[in-house]
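# Breakdown of the fold
So the chains spell out like this:
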Amino acid sequence: MMAKYIIQRIIYMLITLFIIASATFVLMQFLPGSPFNELGGKMTAEQEEILLEEYGLNDPVPVQYARYISNMVQGDLGVSFQYDNRSVTSIILDRLGPSAHLGAQALVIGSILGIILGMVAAIRHNTWVDYSSNVIAVIGISIPSFVFAGLLQYYFAVQWRIFPPSFWEGPIYTVLPTVALMIFPMAICARFMRTEMLEVLGSDYIELARAKGVSNNTIMFKHALRNALIPVITVLGPMTVSLMTGTLVIEQIFAVPGIGEQFVRSISVNDYPVIMGTTMLFSVLFVVVILVVDLLYGLIDPRIRLTGGKD
Amino acid sequence: MDKDHNYNPEQFERIQLKDDAGEQLTRPQISYWKDAWLRLRKNKGAIIGLFVLAFIILLALVGPFMNKYEFDDPNYDLAYMPPKVQGLEWLGLDGKQTYEVQGSTKEDAITRGLEGYEIDEEFLLDSEVILPAEESDNGYMTVAMEVDIYAARGLEDEYYWFGTDSMGRDLWTRIWKGTQISLYIGLLAALIDMVVGVLYGGISGYYGGRTDNVMQRIIEILSGIPNLVVVILFIMLLDPGLIAITIALTITGWIGMARIVRGQVLKLKNQEFILAARTLGANDKRILMKHLIPNVTSVIIINTMFTIPSAIFFEAFLSFIGLGLQPPYASLGTLIDTAFDDYRVFPYMLLFPAVIISLLMIGFNILADGMRDALDPKMRR
Amino acid sequence: MDDSILDVRNLHVTFDTYGGKVQAVRGVNFSLKKGETLAIVGESGSGKSVTTKALMGLVAKPAGKIPKGEILFEDKDLAKLTEKQMQKIRGKDLSMIFQDPMTSLNPTMKIGKQIMEGLILHQNLSKTNAKKRALELLELVGIPDPVKRIDQYPHQFSGGMRQRVVIAIALACNPKILIADEPTTALDVTIQAQILELMKDIQEKMDTSIIFITHDLGVVANVADRVAVMYAGKIVEIGTVDDVFYNPKHPYTWGLLGSMPTVDSEEEKLIAIPGTPPDLIHPPKGDAFAARNEYIMQIDLEEEPPMFKVSDTHYAATWLLHEDAPDVNPPQAVKKRISDARRNKSSVEEVRD
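Source: prediction; values computed, not measured.

Regarding its fold elements, chain B presents 13 helices and 3 strands. Counting every position in chain B, which comprises 381 residues, the buried fraction comes to 49%.

Okay, the overall build of chain C next. Along chain C, the regular secondary structure elements total 11 helices and 12 strands. When the backbone C-alpha atoms are referred to their principal axes, chain C occupies close to 65 × 50 × 40 Å. Here chain C, with 353 residues, has 54% of them falling under the buried criterion. Taking the intrachain contacts of chain C between residues at least 6 apart in sequence as the baseline, contacts between residues at least 24 apart amount to 65%. Entry remark: accessible area of chain C is about 15500 Å², with carbon and sulfur atoms responsible for 52%. Across chain C, the 43 positively charged side chains and the 49 negatively charged ones have centroids separated by 8 Å.

As recorded in UniProt, the feature "domain: ABC transporter" (unreviewed entry) lies at residues 8-257 of chain C. Here residues 8-257 of chain C is 39% helix and 28% strand, with 26 Å between the C-alpha atoms at its ends.

Residue and element names in this part refer to chain C. Bridging between strand β1 (residues 4-17) and strand β2 (residues 20-33) involves 11 bridges; their strand directions are antiparallel. Within β2, the residue paired with V13 across the bridge is V25. Hairpin geometry of β1 and β2 is characterised by an intervening segment of 2 residues between the two adjacent antiparallel strands. Note that β1 and strand β4 (residues 64-73) share 7 bridges and pair antiparallel. When the sheet's bridge partners are listed, D7 is paired in β4 with L72.

This next bit is on the environment of G27 of chain C. All names here are of chain C. Counting through the fold element by element, G27 comes out in strand β2. For the pair G27 and E294, spaced 267 residues apart in sequence, the C-alpha to C-alpha distance is 25 Å. Apart from the residues within four sequence positions on either side, G27 is in contact with N10, L11, H12 and G233.

This part takes up a nonpolar patch on the surface. A cluster of nonpolar residues, V26 and F30 of chain A together with Y184, F234, L237, L238, I243 and I247 of chain B, forms a patch on the protein surface that exposes about 710 Å² of accessible area. When residues of the nonpolar patch are traced back to their parent elements, those giving at least two are α1 (2-30) of chain A together with α8 (227-238) and α9 (242-269) of chain B. A total of 3 residues in the nonpolar patch trace back to one element, the largest contributor, which is α8 of chain B. Secondary-structure assignment places L238 of chain B in helix α8. With a relative accessible area of 38%, L238 of chain B lands in the partly exposed category.

For the coordinates displayed, the defined rule picks out 24 salt bridges over all chains. Measuring nitrogen to oxygen at the nearest pair gives 3.3 Å for the salt bridge that ties R372 of chain B to D369 of chain B. Remark: D369 of chain B and R372 of chain B occur in helix α13 (residues 348-375); sequence separation between them is 3 residues, near one turn of the helix. A residue is classified by how much of its surface remains accessible, and R372 of chain B, at 32% relative accessible area, is partly exposed. One salt bridge connects D77 of chain C with K80 of chain C, and the closest N-O pair in it is separated by 3.0 Å. The class for K80 of chain C is exposed, based on a relative accessible area of 58%.

All right, on to the interface of chain A and chain B then. Residue-level contacts link 44 residues of chain A with 40 residues of chain B. In total, about 3600 Å² of surface goes out of reach between chain A and chain B, with carbon and sulfur atoms giving 78% of it. Taken together, chain A and chain B are joined by 1 salt bridge. For the salt bridge of D369 of chain B with R191 of chain A, the shortest nitrogen-to-oxygen distance reads 2.3 Å. Counting every contact that joins chain A to chain B gives 3 residue pairs in polar contact (both at pLDDT 80 or more). Secondary structure elements with two or more residues in the side of chain A that touches chain B: α1, α5 (128-142), α6 (145-159), α10 (236-253), α11 (259-268) and α12 (272-300) of chain A.

What counts as what
Residues numbered from 1 in each chain as written. Chains lettered and ligands numbered in written order. Predicted model: local features only at pLDDT ≥ 70, side-chain atom pairs only at ≥ 80, totals over all residues. Heavy atoms only, no water. Helix = DSSP H or I, 4+ residues; strand = E, 2+ residues; numbered from the N terminus. Buried < 20%, exposed > 50% of the residue type's maximum accessible area, 1.4 Å probe, protein only. Contact = heavy atoms within 4.5 Å. Areas by Shrake-Rupley, 256 points an atom, 1.4 Å probe, with all protein chains shown as cover. Lys, Arg positive; Asp, Glu negative; His and termini not counted. Charge placed at Lys NZ, Arg CZ, Asp CG, Glu CD. UniProt positions renumbered as here; feature names shortened; annotations may be inferred. Pairing = 2+ DSSP bridges. Patch = residues over 30% accessible without salt bridge, like charges linked within 9 Å, V, L, I, M, F, W, Y side chains within 5 Å. Salt bridge = Lys/Arg side-chain N within 4 Å of Asp/Glu carboxyl O. Buried area = accessible area lost by both parts, 1.4 Å probe. Polar contact = N/O pair within 3.5 Å; in protein donor to acceptor, adjacent residues only side chain to side chain.

Structural data, given as structure tokens:
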């Protein structure tokens, strides 16, 4: 049952990725300009012809497509227009470190803070703690991360000079970008946790635990917390998306040498292979996270563990 | 029993109550929408959101006509004018600009600053050393100097309420024009999502069986594609513009709506009143339009309310990474994006659009929250 | 009154809602004897569940309050105890069975642990002893293969089995009073009978007093010694099962009996009580049942009826029992219902003899 479900999910995942890959290929065909225009247009027709031949761009489109897909499966995402024909894969790998570091830091700190905030709000339901946690959550969900990043940078770096305004040269440099990036995961976690916790606290089994004479603290931590935490895993999906969109803008604002900053730069100079490569990377990341969330959910929730499907 | 109490025998005569007396004593019945409105009105956050939105929308509509400037009228002599509002000088909207300049001495720094910014010394209002030479990295001291830039440029009678940008365009007009465009994109995207999502979800849920199966598989695959990716790919294909952005936003945006509508339709489909309509011979289209759609209206409204702010956000985001509207048109996103070039010296350029987009997002989000709480049948008692 | 272990006096419970203050319970008096089963019947919203929540100290704060009244149990007034003190009593002396077994067990905790929790808390048992006792309890409530079942999660149990687990949890510390809030409503009819049988069994074995909340009069006749009929937050009639079933005095009780389907009521129509219960945010002046009462008198609109004594065990709050009131008999259908029931009962007893 479970195995069948996993296999089915993986097949869908591969179909999705295949469609995205094909779409990027089609797009490359339609996009204006030859890849060698960027070199300054100083080439003669013969030189260009030699290059086209060398890169296989004179082959029929189906052949190119097959080669594109097979290269991609092998991790070869093509060659950058911008950087002297460096391979896209190596550009991405070079820049993966700071992005992963920043993303992980924001994800972990943001979700822990969010869970605590949401839990406290639910326990102190309808008190000022609850209201202020709600206000923080609404602000965190509403204010775009680049606006938030801009304000953080202006006040904490330019005005008060507490943190460095940009670059990536040590832990202190990660503070502002992390805060800017984690605000959305924190808010969404807090909100979700609060709702779940309130629902759990209003449930019959919590009342039964009370009727057993169990103390409030035990109810919170032994009965309520676990039940409320399980569904919070589902926000990992939207959180990943927000981290991906977030890195694009926040790395640019704080001059972090990550994938997002490279991506935005590539967009500005039409470096299509890098754009497509990064797009594929994001797609894979997203699809994998969605799958992992689903499987994790089944693993943690005993109701799903043995039945192999929700409900 | 109270023995001392004497009762009048007349009190024990049988009486006849009016037929409806039993009903009168119960709470009056109120309609679903009225009940929802009452709940919404009690929700302070939602009402605040409503007022903030009304205020911003009003200003977006009338703001550009409130002064004599045009949104696309560059004049490089008027670049970087700080905000100045009659009567609000005490709020800092006084048209004075503070520059940070460096020099070996205070005087040197000021001289260099005045020269660099082409300002006569008489307009220098104040100056202050904010970073002594010893503490700085390059051996120069940093001096903040405040100048009356309006006077320096001979524009004492001009009032740029939100200042001007690097091309001397009035930011007040540009910001409200930009707000119009952001709102337009948000509303249009939400509308398209709604139409497509309701149709897709409605058909899928209503016909069920094989149709539903195929349609759901398609959704499953599409929803695996991050919309960030779809949007970026489409904009690259279509060239940034109002229509391209809107279409890109709706390519996968309708999926959420389709899912919710399908779920609701599945739930409602087998309920008695639908079966009754069907046995009475109503055709599919009629049942769908007359019975199902009205009954899923509340979920549609709630979902649409959440789509608007996310579309506004996405537009701003696209502008920020360089895939947004092209000049001279402006949206809140492009304004913020351009502001980032200069905001360390001219923070007002960032501040105003940032505050407005934040208020807009907060307003839509809390209003949508409030509407969800008010309309959600689960919460209804 | 010496043998009573619980005395509820003039109990009031209110809830603050966004529409106003709901007076859910408005002066309830009753006592519970050792080893007896008291059934509280009434429509939904009559305050029967809220009354028992108040006994357990589970009225949801801060919206819910007990502004007046006493709940006397072993020389203590439960209404005045702090939450900490109540925690020592709940689950030990008073315990509760909930209506819906599908939602009343913690889905992520093994059922063994859920049973052991109370044992460890109140009887200071070690984990091994608690587990031993939990196995005994599972056996007692009739769960087959307890050794295997004790390590399973609630979703692996059927509804009836889950209710047995809930009962085992409630019985864990040999409570003096067991409150069962519609314990069979959510179950299939066949399972209902089994659960009722189980509860009767256990009462005999453990000599527990039971407060049995239900809206199902059929169940009442089966399990209860005494019956209290609640309407609009008050007890309107209280007496032994025989008193209330065969000699009902309150028109609301007549209505309830008339609306109860019986096995041999083929050709009879069920009689519905007209109207709906009053709004407890603004309770009416006079008798709360007046608006639905066929036999309404002027005084019903002016003053609340006191509890009239019918016999030593039987009381009812209706002005019809006042000496000045006209003689009123229950409607024909209800009379027939009563005599049918009486005949059935005596025939059952004859068979037993």
